[in-house]
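Each chain is listed here by its residues.
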Amino acid sequence: MIDHEGTDELLAGYVLGSLSGPDAEEADRLLTEHVPGCLTCRATLDAFQGVTGELGLMADPLAPPDTLLPRMERELEGGRRRRSQQWGPARIVAGAAAAVVLVGVVGLSLLNDGANGPSELLTKADLAQVNQLKTETDTEVTPLGPTGTEAEEVSVPSRDELYVMGTFVASPGFIYRLYAVKDGVATYIGDVGPATGVVAFHVEVDPASVDKLLLRQEPAASPPSELVSPSLEAVG
Amino acid sequence: MAVQDTADDLELHRRLAAGDRAAFDELYRRYAAQAYGLAYRVTGQQMLAQDVVHDAFMALWRAPEAFDERRGSFRTFFLSMVHHRGVDQVRREQRLRARTEKAANLDPLEDEDPADAVAEAGYLSVRRKEVREALTDLPAAQRQVLEMAYFDGKTQVQIAKELQIPLGTVKTRTLAAMRKLRALLEEAS
């Protein structure tokens, strides 16, 4: 049976960003394995995150530099173009610049069955294409987890192609995040979903820069882990 | 007033999720000063604070579905995200170099006019007062560990060392502080 007093201690430390070492790893495990399925813990997590938001009011407001909004507006133009090329509510968020440098990720594109997706880029043929790839002899299919997603990594080494497919409906308040693992270090690539039905992602990476992919369910309100331990495979 | 502002935030968020730039600008107008003030308080550096606010707003634009209105207000969601990113920045800085005493040596501010910012975010002042009162109601020992974690970006291990108390005590005080604050803030609202 789970010790909720201990869990609450970890959640309190987690929302404050004050955990480190084994406590951070244990919180990571709880957040992927236990919290998404535990109503009590989800309520506690929400309440504590609400407190950290309220504590933000303790800081005196300061006018940000005048250059900040124009800087963002320039990026918003680029961001909107990217969004329009992707699939509405289930878009992939481009990874942090650090991820691009570290693992050579050059971008992501999404292919799906178009069940709820308005984009013309997403067709059943795309999903069928990945399913077809799975039947070919030089294709490697590796279960990716977490449970419930039935996610698979579909790679075609001879053509340097890599896909992820599965069903990505996270628990309320949570989101699936994709990481690239190289030499025991997992680096954030992007958010996945929520998506309706089976979807497939074409992951454009330098194959030499990725040993494997890692998919984890994480609280949507928190930023992705900059670096996570690949040993903490998500199962929730 | 606060209820109306919360409803307005939700409507702005829905428009933003649909790609409405005007909604983004309005949310920026509402929360940029508070977010920048918080990011600056946590990081102690203007450049880092700018990056935090920039990243938070861009994340909001790129992944608006991260906010779920069933889990709390937009304001607490967004400021929680800003805080999280601020702490991440602090940790990165800590890894790069030992930090000087931030609280005593905040980067001198240039050109800002806090009075303008406060005027723009005036509807938040009532809640700010309630939060300050709630924090004041905490036992001093609990408030201390909470402030060291939240505003100084210190880990519980660092706090335990600095205060020369067991790590378990830091955890216990942190949890007690969070629970009491939660109750006080719910009562106040």
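Note that the structure is a prediction, hence the values are computed from the model and not measured. (Residues numbered from 1 in each chain as written. Chains lettered and ligands numbered in written order. Predicted model: local features only at pLDDT ≥ 70, side-chain atom pairs only at ≥ 80, totals over all residues.)

What about the overall build of chain A?
Along chain A, the regular secondary structure elements total 6 helices and 9 strands. A buried classification covers 47% of the 236 residues belonging to chain A. Residue pairs in contact within chain A that sit at least 24 positions apart in sequence constitute 66% of those at least 6 positions apart. (Helix = DSSP H or I, 4+ residues; strand = E, 2+ residues; numbered from the N terminus. Buried ≥ 20, exposed ≤ 12 C-beta atoms within 10 Å, placed from the backbone. Contact = placed C-beta atoms within 7 Å.)

Describing the environment of L30(A)
All names here are of chain A. Mapped onto the elements of the fold, L30 is located in helix α2 (residues 21–33). Take L30: there are 21 C-beta atoms within 10 Å of it, and that puts it in the buried class. Between the C-alpha atom of L30 and that of L11, which follows or precedes it by 19 residues, the distance is 9.1 Å. Sequence-distant contacts of L30, defined by excluding residues within four places in its chain, comprise T7, L10 and V35.

Comments concerning unusual backbone geometry
Residue and element names in this part refer to chain B. The phi torsion at Q164 lies on the positive side, around 55°, for a residue other than glycine. The residue Q164 is located in the loop between α8 (156–163) and α9 (167–188) in this model. Accessibility expressed as a C-beta count within 10 Å gives 6 for Q164, which makes it exposed.

Looking at the confidence of the model for chain A
Residue and element names in this part refer to chain A. Residues with a pLDDT of 70 or more make up 61% of chain A, whose mean pLDDT is 68. Mean pLDDT per element in chain A: helix α5 (residues 97–103) is the minimum at 27, and helix α1 (residues 4–15) is the maximum at 94. Under a pLDDT of 50 for its full length, residues 80–125 has, in the predicted model, 98 contacts with residues more than four places off or in other chains. Across residues 230–236, where pLDDT falls below 50, the model places 28 contacts with residues more than four positions away in sequence or in other chains. (pLDDT = per-residue confidence, 0-100.)

Quick notes on the interface of chain B and chain A
On the side of chain A, 52 residues touch chain B, which itself brings 66 residues to the contact. For the side of chain B that touches chain A, the secondary-structure elements that each account for two or more residues are α2 (21–43), α3 (46–62), α4 (74–96), α5 (114–120), α6 (125–137), α7 (140–150), α8 and α9 of chain B. The leading source of residues in the side of chain B that touches chain A is α4(B), at 12 residues. The residue inventory of the side of chain B that touches chain A, partitioned by class, reads 33 nonpolar, 14 polar and 19 charged. (Nonpolar A, V, L, I, M, F, W, Y, C, P; charged D, E, K, R; others polar.)

Overview of the packing of α7(B) against α9(B)
Residues and elements named next belong to chain B. It is at 8 Å that the axes of α7 and α9 come closest, and there the two elements cross at 95°. Relative to α9, α7 is oriented roughly perpendicular. Contact residues: α7 offers A141, Q142, R143, V145, L146 and A149, while α9 offers V170, R173, T174, A176 and A177. (Axes fitted to C-alpha atoms, helices over the stretch in contact; angles between N-to-C directions. Parallel < 35°, antiparallel > 145°, perpendicular 65-115°, else oblique.)

Details of the environment of T6(B)
Residues and elements named next belong to chain B. Looking at the element boundaries, T6 is found in helix α1 (residues 2–17). The exposure class assigned to T6 is partly exposed, which follows from the 14 C-beta atoms found within 10 Å. T6 sits 67 residues away from S73 along the chain, and the two C-alpha atoms are 6.9 Å apart.

Notes on the pairing of strand β8 (residues 212–219) of chain A
All names here are of chain A. The buried count for β8 comes to 7 of 8 residues, which makes it a mostly enclosed element. By the bridge criterion, 8 bridges tie strand β5 (residues 174–182) to β8 in an arrangement that is antiparallel. Opposite F174, over in β8, you have P219 as the bridge partner. (Pairing = 2+ DSSP bridges.)

Observations concerning the nonpolar core
Core analysis: the biggest nonpolar cluster contains 101 residues, and V164(A), A35(B), A39(B), V53(B) and V82(B) have the highest contact counts within it. Counting residues per element, this core draws most heavily on α2(B), at 12 residues. (Core = buried A, V, L, I, M, F, W, Y, C linked by C-beta atoms within 7 Å.)

Structural notes on the environment of D152(B)
With respect to the element layout, D152(B) can be found in the loop between α7 and α8. D152(B) sits 111 residues away from R41(B) along the chain, and the two C-alpha atoms are 8.1 Å apart.

Points about the packing of α2(B) against α3(B)
Residue and element names in this part refer to chain B. It is the contact of α2 with α3, at a shortest axis distance of 8 Å, that shows an interaxial angle of 140°. On the basis of their axis angle, the class for α2 and α3 is oblique. Our pair here, α2 against α3, has a crossing hand that is right-handed. Residues F24, Y28, A32, A35, Y36, A39, Y40 and T43 of α2 pack against Q46, L48, A49, V52, V53, A56, F57 and W61 of α3. (Left-handed = near helix turned anticlockwise from the far one by under 90°.)

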